[in-house]
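Chain and residue survey
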Amino acid sequence: MFAILHTLGMLVADRFKSRCRLEAENLLLRHQLTIALRRTPPRFRLLGSDRALLAWMTRLWPSLLDAVQVVQPETILRWHRAGFRAFWRWKSRNKAGRPRIDRGLRDLIKRMSSENPLWGASRIHGELLMLGFEVAQSTVSKYMMRPSRPRSQTWKTFLQNHAEAIAAVDMCVVPTLTFECLFAFLVLGHGRRQLLWFEVTRHPTAEWLARQITEAFPWTSAPTYLVRDNDRAYGHVFTSRVRAMGIRDRPISPGSPWQNGIAERLIGTLRRECLDNIAICGEAHLRRILSSYAGYYNQTRTHLALQKDAPQQRPVQQFGRITAIPVLAGLHHRYVRI
């Protein structure tokens, strides 16, 4: 702004100078500018006022474009077009679209919606029309107070609330040294993530699986729900036995193993921490390995979902000398104080 005022003052002062004096001064200024531009200077940092002044002067006297030395003439023309767009953007501001309603009417809409949570936009719009307000229903919907409804519980919360009544079953395929395939049937309780039962076979049939369910839940220890996949081995005999025990059979959706994620996680843990590190010789060997790991899993291994506790609530020991007890020939260790 100071540069513009200074230039205007110099313009007024030049009106009282003689023509010879102006020509001599113009020649001197041009020569000084030529001397200053002989050595290529760094890039000029022009202020907004400098750009506005150059654009304004070249707009009034287009012939001055040939006298510009500090910037290219195309740059001044680009500044002028940008200023033209900014001017019309400023001139057309707040005139497009629907006009804003006053603050009092907005507060009244919010008050009505908060005092009457069962009213919709059409009901509030009707009340405003009866009160003499000319406003669109879409505007009323825009400024209404949205009712804050409590969030419904998630599927994870539901499973946590009913974990004690849910059990999951799944089968794990284990290859042996002789290239045979053994099947380990696992039963897991959701409540404490406890491995309730396991058994090994070469040929899992519906009758064999039904017998395993009976042995896993004797007397009145049967859960309310049983989650399983859609393996063909769970035939009619298995489903009939589960129904006779008062258990609600809940097979997962086809191609959705995440619905039985706890049992899938158990199988993954069993493979990573045990089966992938031991060569299985046969059915008896696998049963002995699973028995050892099941004791370690239920009594010693800490679980993230149980606040770093074991499924069978491992007691905290604070006194005594720490001793390591090997599990699975030193693959894992159990640490106790004695």
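The coordinates are above.
Summary of the structure given here. Here the structure is a predicted model, which means the values were calculated and not measured.

What counts and how
- Residues numbered from 1 in each chain as written.
- Predicted model: local features only at pLDDT ≥ 70, side-chain atom pairs only at ≥ 80, totals over all residues.
- Heavy atoms only, no water.
- Helix = DSSP H or I, 4+ residues; strand = E, 2+ residues; numbered from the N terminus.
- Contact = heavy atoms within 4.5 Å.
- Areas by Shrake-Rupley, 256 points an atom, 1.4 Å probe, with all protein chains shown as cover.
- 1 Å grid on protein atoms, 1.4 Å probe; cavity = no way out; pocket = protein on both sides within 12 Å on 5 of 7 lines; lining within 4 Å.
- Points joined across faces, edges and corners; volume = space filled by probe spheres on them.
- Nonpolar A, V, L, I, M, F, W, Y, C, P; charged D, E, K, R; others polar.
- Salt bridge = Lys/Arg side-chain N within 4 Å of Asp/Glu carboxyl O.
- Core = buried A, V, L, I, M, F, W, Y, C linked by side-chain atoms within 4.5 Å.
- Buried < 20%, exposed > 50% of the residue type's maximum accessible area, 1.4 Å probe, protein only.
- Lys, Arg positive; Asp, Glu negative; His and termini not counted.
- Phe/Tyr/Trp six-rings, centres within 6.5 Å; stacked < 30°, edge-to-face > 60°.
- Expected span 1.5 Å × (residues − 1).

From N to C terminus, the chain includes twelve helices and seven strands. For the chain, the proportion of contacts with a sequence separation of at least 24, taken over those separated by at least 6, is 48%. Working note: accessible area of the chain is about 23,600 Å², and carbon and sulfur atoms make up 56% of it.

Quick look at the layout of surface pockets now. When its volume is computed, the second largest pocket comes out at roughly 880 Å³. Lining the second largest pocket are 32 residues, and of these L159, H190, R193, G261 and I262 lie nearest its centre. Only α8 (155-161), β4 (225-228), β5 (248-251) and α11 (261-273) provide two or more residues apiece to the lining of the second largest pocket. Class assignment of the residues belonging to the lining of the second largest pocket gives a composition of 17 nonpolar, ten polar and five charged.

This next bit is on the pattern of salt bridges. Tallied over the full model, the rule gives nine salt bridges. Between R202 and E180 there is a salt bridge, and its shortest N-O distance comes to 3.3 Å. Separated by 22 residues along the polypeptide, R202 in the loop between β3 (194-201) and α9 (206-216) and E180 in the loop between β1 (166-175) and β2 (181-189) bring together distant segments of the chain. Ionic pairing is found between E283 and R202, a salt bridge with its closest N-O pair at 2.9 Å. On the criterion of sequence distance, the pair formed by E283 in helix α12 (residues 283-299) and R202 in the loop between β3 and α9 is long-range, its members being 81 residues apart.

The subject of this paragraph is the nonpolar core. L275 and L286 are the most contacted members of the largest nonpolar core, which totals 25 residues. Of all elements in the fold, only β1, β2, β3, α11 and α12 reach the threshold of two or more residues within this core. With seven residues, the top contributor of residues to this core is α12. Non-local contacts of L286, meaning those with residues more than four positions away in its chain, are made with V174, L182, V200, L275 and I280. One finds A167, F217, L226 and F238 within the second-largest nonpolar core, a separate group that totals 16 residues.

With respect to the helices, strands and loops of the structure, D170 is situated in strand β1. Here D170 occupies a buried position and makes no salt bridge, while the nearest side chain of opposite charge, R271, is found at 8.9 Å. Non-local contacts of D170, meaning those with residues more than four positions away in its chain, are made with A184, F185, L186, D229, Y234, N260, A263, E264 and I267.

For the structure on display, the rule yields six aromatic pairs. For the pair Y234 and F238, a centre-to-centre distance of 4.9 Å together with 55° between the ring planes defines the contact as tilted. The class of Y234 is buried, set by a relative accessible area of 7%. What makes F238 buried here is its relative accessible area of 0%. Each ring, one from Y293 and one from Y297, has its centre 6.1 Å from the other, and the planes form 35°; the classification is tilted.

Look at α12: 24 Å from first C-alpha to last across 17 residues, which is about the 24 Å you get at 1.5 Å a residue. Inspection of α12 places H285, L286, I289, L290, Y293, A294, Y296, Y297 and N298 among the buried residues, and these make up the whole buried set. Elements in contact with the buried residues of α12: β1, β2, β3, α11, β6 (322-327) and β7 (332-337).

The next thing to look at is empty space enclosed by the protein. Within this structure, the stated rule accounts for two cavities of 30 Å³ or more. Volume-wise, the largest cavity comes out at about 60 Å³. Surrounding the largest cavity, L186, L195, F198, L266, L270, L290, Y293 and Y297 form its lining. Secondary structure elements with two or more residues in the lining of the largest cavity: β3, α11 and α12.

Positive phi values are uncommon outside glycine, yet F179 reaches one of about 65°. Relative to the elements of secondary structure, F179 occurs in the loop between β1 and β2. Residue classification places F179 among the exposed positions, given a relative accessible area of 78%. In the Ramachandran plot, A329 falls in the positive-phi region, its phi being about 55° despite a non-glycine side chain. By the secondary structure assignment, A329 is in the loop between β6 and β7.

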